Amino acid sequence: QVQLVESGGGLVQAGRSLRLSCAASGRTFSGYDMGWFRQAPGKEREFVAAITWSGGYTWYADSVKGRFTISRDNAENTMYLQMNSLKPEDTAVYYCAGKSRGVGWYYAGNSYDYWGQGTQVTVSS
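What counts and what doesn't
- Residues numbered from 1 in each chain as written.
- Predicted model: local features only at pLDDT ≥ 70, side-chain atom pairs only at ≥ 80, totals over all residues.
- Heavy atoms only, no water.
- Pairing = 2+ DSSP bridges.
- Helix = DSSP H or I, 4+ residues; strand = E, 2+ residues; numbered from the N terminus.
- Axes fitted to C-alpha atoms, helices over the stretch in contact; angles between N-to-C directions.
- Salt bridge = Lys/Arg side-chain N within 4 Å of Asp/Glu carboxyl O.
- Buried < 20%, exposed > 50% of the residue type's maximum accessible area, 1.4 Å probe, protein only.
- Disulfide = S-S within 2.5 Å.

If you trace the four strands from one edge of the open sheet to the other, you get S1-S3-S8-S7, paired in antiparallel fashion. Edge positions in the sheet fall to strand S1 (2-7) and strand S7 (68-73), since each of these pairs with one other strand and no more. The sheet shows a mean angle of 15° between the axes of neighbouring strands, direction not considered. With six bridges connecting them, S7 and strand S8 (residues 78-83) associate as antiparallel partners. The partner of Ser71 across the bridge, within S8, is Tyr80.

Structural data, given as structure tokens:
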């Protein structure tokens, strides 16, 4: 089992930045590829970004490419999402998730076995 806890959400004005953190405990963090997903009110959950177990490869949704950066520190058992130039449409609950190395698709939520409880990000215009 891996336990995931997100933090760093909040209310921010458009154009500003936030950094989300996802702290992992339990099994070896480096054994998992990790991802960020988000869900806005009345909308389906959507993929935001993903990173391989080593941090060597990253992927982003087109809507956040160039603005968001995913990273991880395996020594600290933590993953991050640096969000710059935030827009009101980025408002959502953000979830971190983990899946076994190389299993499934990085953009598919049902490939992930472990999920955090979510952190709210609200961007005002």
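Picking up where we left off.
The side chains of a regular strand alternate between the sheet's two faces. Strand direction decides the pairing type here: S1 and strand S3 (residues 18-26), joined by six bridges, are antiparallel. What sits directly across from Glu6, in S3, is Cys22. Here S3 runs beside S8; their pairing, made up of six bridges, is antiparallel. Of the residues in S8, the one forming a bridge with Leu18 is Met83.

Quick look at the pattern of salt bridges now. Scanning the entire structure with this criterion turns up five salt bridges. Among the salt bridges present, the one from Asp33 reaches Lys99, with a minimum N-O distance of 2.9 Å. Note that Asp33 is positioned in strand S4 (residues 32-39) and Lys99 in strand S9 (residues 92-100), a separation of 66 residues in sequence. Take Asp33: its relative accessible area is 8%, and that puts it in the buried class. Overall, Lys99 belongs to the buried group, its relative accessible area being 3%. Through salt bridges with shared partners, a single ionic network connects Arg38, Glu46, Arg67 and Asp90.

In this section: the state of the cysteines. The tally for this structure, following the rule as stated, stands at one disulfide. Each sulfur in the disulfide pair Cys22 and Cys96 lies 2.1 Å from the other. On the sign convention where negative means left-handed, the S-S torsion of about 60° between Cys22 and Cys96 marks this disulfide as right-handed. With Cys22 in strand S3 and Cys96 in strand S9, this pair connects stretches of sequence that are 74 residues apart. The class of Cys22 is buried, set by a relative accessible area of 0%.

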